[in-house]
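Spelled out, the chains give:
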Amino acid sequence: MTAAEPEILTSARPELAAGEHLLEVDDLAVEFRTRDGVVHAVDGVSYTLDPGETLAILGESGSGKSVSAQAIMGILDMPPAFVTRGSVRYRGQDLLTMPEERRRKIRGASISMIFQDALSALNPVFPVGWQIAEMFRVHRGDSKAQARAHAIELMDRVQIPLARERVWDYPHQFSGGMRQRVMIAMALALDPDVLIADEPTTALDVTVQAQIMELLAHLQAETGMGLILITHDLGVVAQVADRVAVMYAGRIVETAPINDLYKNPAHPYTEGLIASIPRLEQKGNELTPIKGSPPNLMRVPSGCSFHPRCPYVRDNCRTDEPPLYEVHVDRRSACHYYEEVLNG
Amino acid sequence: MSETQTGDQKGTQGAVTGAEDVSGRQASLWADAWRELRHNKLFIISATLILFLIVMAAFPQLFTTQSPRDCQLERSLQGPSADHWFGIDILGCDYYTRVIYGARVSMIIGLSVTAFAVLIALVLGSSAGYYGGLTDTLISRAVDIIFGLPTVLGAIVILSVVSNRNLFWVTLVLVVLGWPTMTRLVRSSVLSVRDSDYVNAARALGAGDLRVITRHVLPNAIAPVVVYATIYVGLIIAAEATLSFLGIGLQLPAISWGLMISQAQTRVLSEPLLLLFPGLFLSVTVLSFILMGDALRDALDPKLR
Amino acid sequence: MGRYVARRLLQAIPVFFGTTFMIFALVFALPGDPIRALSGDKPISPAVYAELQDRYNLNDPLLVQYGKYMGGLVQLDFGQDFRGREVSEIMSERFPVTIKLALVAFGFEILIGILAGVLAALRRGSYIDNLVLLTTTMVVSIPVFVLGFTAQVVLGVKLGLFPIAGLSQGWYSYLLPGLVLGALSLAYVARLTRTSLVENLRADYVRTATAKGLSRKRVVGRHALRNSLIPVITYLGVDLGALMGGAIVTEGIFNIPGVGQQVFQSIRSQEGPVVVGIVTALVLVFIVANLIVDLLYAVLDPRIRYE
């Protein structure tokens, strides 16, 4: 109800030290110890994020993309999950070794996350306004009225019409797209540095998808936050990402700026993904999926985990796990024969 | 959730062959369950107990040579001895023998009430769930009405006016009061299965309603019913005992654990064994059915996997 | 919300009429002589017999009988015992005692049951979880009268902790019978709370709440618990019916002068009209209580309001 809006937008963001990234994940490994065996969900993943940047993490279900994000947020159930190595530095501080109380203050306020299915991700028995306002009440100690006022502002900002009335409505009373906006509002409430969006549009209609992606892009431009977009949808990636990290079987197999990735992939898996998108010109011909299926994460293939499905496979692929070779100054590929892929 | 998307696509593709697939799918649920149950200690214990009790009910002569009606007042209320393991009751009968024979009534009532209730529930519940509409409304209203009558209270009212409270009447009353719970369960189970792809596929292939219900809907909806029916046997046994204890169920000279406890109640403090033995048998009987039901639920509930 | 309330009230009407008609039909409309049936083996003088016939309108056509019966019910006329005492008068004397007993039972159910269920859910698989599961299974298996006598003997006599009968020690006298009465339901409540909370702790919205940086206490205590308790509270409504049946046994065993004991004694002395009258009243209470619980459900779960 006040001119508090500017407050949300331009709260002072400390400058990063030289060479420091906003978020730096280094050799992160997460395993799940179950009755039937150990699942290596994330097996040595590294990426960085800078302010204003959008990093897309692309992969199929089971590639470990969500688990790595949840490890950053610290919301994995441990047990059965165990972080077996690696570090996650936010502004230079390792979140994984931080005491839980400090980490909790960062969670939701500096690094926040939105999820795929807003209907199940929102608490069905509380009004949306209450759930958004909760951020202010818990993290900032605002009064109920202040918090509610902020909530209405946020709902306006994410373009939910009639915010003042709808602040009392329950999640099931909104459409899918509106619910996702509520989640975005909740995540943006305290002006985080980093927003992780885990498949934010997968459950939505195509037209609504576009609206949500546009909203995210707009908000990012406004706030200068870093955005990690987790998805399996190449189309969505194309719209918003600056850089892409492709994940397969718990490892990153390629990183590149978006255009380079599309025009000329440097890893057989990425090549296969792009080739499998149905195109109008292909009409009348067979589709070209990647042969085989993703591996069982309890028994990851030796050497290069993609080798059973790879058209470029050679003998050493079965025995030597490829490191992330530097293809260019900002491109990496975990394939021994990336030059062939680039030229082929 | 991307899994669900591709899952749905696979579902519709698979649905065409799904009609045959169902018996394979549901056979594997039971096969999986059986494999798990075989190693489940609780299941083995409770199944053994139940088998034991059934044998005891059917062939009490295997456990005792005496007759439960061989009662001599002179020896009333003696304590346990070599000849009379549980002692002698108020009327001079061998208590051990009476307790053994008491299993018969409990098992008969427990099993038959459950069997009839399940039968009625399968017919009415699947009709209500599958057809919906008027059928559902009528059946659900009837269920609601009887639900308005708590079991024990309803049984008391009905049995108040029945002059000859024998096994038949008690069974009948419990069936009449019990079928609504089962029916509700069958109905909701059927409802959750009715709109599955494989059911739609079967109908698209021209299967008639009866066939769809019996071959496709029920086999997949029946797991929760099996679990509850098992527990229900235990609940009915407890209900009969309660009614007999109150004096509104079975009457003398019937042999029922509830009746025995009722007779013992004035002497609870002086001869506690009179309460202990039938009470113990009763509790263990109910317990074994409940444990079995729990074990079945753990084995059959895919969500817990 | 209004639509839901209206619909629920409308649903209650056939239940109300149906159930009362069922009781009426079972008692008065079956072939045979209802008065003989109600009085059992007791001899009744022709004068009393004629009076009862008149009282219950047995000379009227069936529908008229039902109409007068319903008319009586609405005026809280639940019949008379064989000595001419109004059942409603007997009930008004005894109901407060039963209500107190029921409140004690409910108290135990809610406090211990929910607490045990929450602890078991939060420490799933641990010693406490297994203890809760084990005890609740055993309690559920022991019929209330067996439990009652056992408690009387062990806790009342052997350990001398509680009075074993009557109301001589005021509120303290209600504790043991209340515990016995509530024991079965307590076990159910504990299990239900446990299952419900375990399920909710796995839900997506709990993950979101954690991601919002809320403390574990708040995530569980505010977000998860609120959802988990919905089925528990709805169960408590159904439970009232079980409590009524249990009260008959418990009051009988512990000699508590409530409505249940009256039924207990009247069954033994074959005073049919009293039994039928009180049970009818209890059934009406049950129907109303269920109605209230259903409406409460709408308050607790906003998704229901818009169905």
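Up top is the structure these notes are about.
Residues numbered from 1 in each chain as written. Chains lettered and ligands numbered in written order. Predicted model: local features only at pLDDT ≥ 70, side-chain atom pairs only at ≥ 80, totals over all residues.

Participant: What is the right way to look at the overall build of chain C in this model?
Facilitator: Across its full length, chain C carries 13 helices and zero strands. Counting helices and strands in the order they occur from the N terminus, chain C gives α-α-α-α-α-α-α-α-α-α-α-α-α. Along the first, second and third principal axes, the C-alpha set of chain C runs to 80 × 55 × 30 Å. When burial is assessed residue by residue, chain C has 43% of its 307 residues classed as buried. Put simply, of all contacts in chain C between residues at least 6 apart along the chain, 73% involve residues at least 24 apart. (Helix = DSSP H or I, 4+ residues; strand = E, 2+ residues; numbered from the N terminus. Buried ≥ 20, exposed ≤ 12 C-beta atoms within 10 Å, placed from the backbone. Contact = placed C-beta atoms within 7 Å.)

Participant: So what exactly am I meant to see when it comes to the pairing of strand E3 (residues 54-58) of chain A here?
Facilitator: In summary, the side chains of a regular strand alternate between the two faces of the sheet. Residues and elements named next belong to chain A. With five of five residues buried, E3 is to be regarded as a mostly interior element. Side chains Thr-54, Ala-56 and Leu-58 project from E3 onto one buried face, and the interleaved Leu-55 and Ile-57 project onto a second face that is buried too. Where E3 lies against strand E8 (residues 226-231), five bridges are found, and the strand directions are parallel. Counterpart to Ile-57 in the pairing with E8 is Ile-230. Bridge count for E3 against strand E9 (residues 243-248) is four bridges, and the pairing is parallel. (Pairing = 2+ DSSP bridges.)

Participant: Even after reading the chapter, I still don't get the sheet that holds strand E2 (residues 37-49) of chain A, so can you show me in this structure?
Facilitator: Consider a sheet: its strands pair through backbone hydrogen bonds, and that pairing is either parallel or antiparallel. Residue and element names in this part refer to chain A. Taken together, four strands build an open sheet; the order of strands is E2-E1-E4-E5 and the sheet is antiparallel. Each edge of the sheet is formed by a strand with only one pairing partner; in this case those strands are E2 and strand E5 (93-94). Relative to E2, strand E1 (residues 23-34) runs antiparallel, the two sharing ten bridges. Bridged to Glu-31 within E2 is His-40. Where helix H2 (residues 65-73) meets the sheet, it contacts E1, E2 and strand E4 (81-90), and its direction lies at approximately 110° from that of E1. (Axes fitted to C-alpha atoms, helices over the stretch in contact; angles between N-to-C directions.)

Participant: How should I be thinking about helix H10 (residues 273-300) of chain B in this particular structure?
Facilitator: Each α-helix winds once per 3.6 residues, and so residues spaced three or four apart point in a common direction. Taking 1.5 Å of rise per residue, 28 residues should cover 40 Å, and H10 of chain B covers 40 Å from first to last C-alpha, within 8% of that figure. Burial runs high along H10 of chain B: 20 of the 28 residues are buried. (Expected span 1.5 Å × (residues − 1).)

Participant: I tried to follow the environment of Ile-114 of chain C on my own but got confused; where do I start?
Facilitator: Residues and elements named next belong to chain C. The residue Ile-114 is located in helix H5 (residues 87-122) in this model. Taking C-alpha positions, Ile-114 is 22 Å from Ala-151, a pair spaced 37 residues apart along the chain. If sequence neighbours within four positions are ignored, Ile-114 has contacts with Val-189, Thr-193 and Val-232.

Participant: Help me understand the sheet that holds strand E10 (residues 251-257) of chain A, please; the structure alone is not making it clear to me.
Facilitator: Residues and elements named next belong to chain A. Taken together, the eight strands give an open sheet; going across it, the order is E6-E7-E8-E3-E9-E10-E12-E11, and neighbouring strands pair in mixed fashion. Here the strands that pair on one side only, and so sit at the sheet edges, are strand E6 (111-114) and strand E11 (325-328). With direction set aside, neighbouring strand axes in the sheet form an average angle of 20°. Of the pairings in the sheet, the one linking E10 to strand E12 (residues 331-333) comprises two bridges and is antiparallel in character. The residue bridging Glu-254 from the neighbouring strand is Ser-333, located in E12.

Participant: How should I be thinking about the pairing of E8 of chain A in this particular structure?
Facilitator: Residues and elements named next belong to chain A. Within E8, six of the six residues are buried, which leaves it mostly tucked inside the rest of the structure. The two faces of E8 match: Gly-226, Ile-228 and Ile-230 on one face and Leu-227, Leu-229 and Thr-231 on the other face are all buried. Where strand E7 (residues 194-198) and E8 come together, five bridges link them in parallel fashion. Residue pairing for E8: Val-194 is matched across the bridge by Gly-226. Each parallel crossover has a hand, and the one from E7 via helix H9 (residues 206-223) to E8 is right-handed. (Right-handed = clockwise from strand over helix to strand, strands pointing away.)

Participant: Looking at this model, I keep getting lost on the packing of helix H9 (residues 257-264) of chain B against H10 of chain B. Mind explaining?
Facilitator: A packed helix pair is summarised by two numbers, namely the angle formed by the two axes and the spacing between the axes. All names here are of chain B. At a minimum axis distance of 9 Å, the contact between H9 and H10 shows a crossing angle of 155°. Taken together, the axes of H9 and H10 lie roughly antiparallel to each other. Here H9 runs over H10; the crossing is left-handed. Between H9 and H10, the residues in contact are Trp-257, Met-260, Ile-261 and Ala-264 and Leu-274, Leu-275, Pro-278, Gly-279, Phe-281 and Leu-282, respectively. A breakdown of the residues in the contact of H9 with H10 according to their chemical character gives nine nonpolar, one polar and no charged. (Parallel < 35°, antiparallel > 145°, perpendicular 65-115°, else oblique. Left-handed = near helix turned anticlockwise from the far one by under 90°. Nonpolar A, V, L, I, M, F, W, Y, C, P; charged D, E, K, R; others polar.)

Participant: Please explain the interface of chain B and chain C as it appears in this structure.
Facilitator: Interfaces are frequently sized by the accessible area removed from exposure as the parts join. Counting residues at the interface gives 36 residues for chain B, matched by 43 residues for chain C. Those elements that provide at least two residues to the side of chain B that touches chain C are helix H4 (133-147), helix H5 (151-160), helix H8 (209-246) and H10 of chain B. The element best represented in the side of chain B that touches chain C is H10 of chain B, accounting for eight residues.

Participant: Explanation requested: the environment of Arg-104 of chain A in the structure shown.
Facilitator: Following the sequence through the fold, Arg-104 of chain A ends up in helix H3 (residues 100-106). Apart from residues no more than four positions distant in its own chain, Arg-104 of chain A is found in contact with Gly-213 and Ser-215 of chain C.

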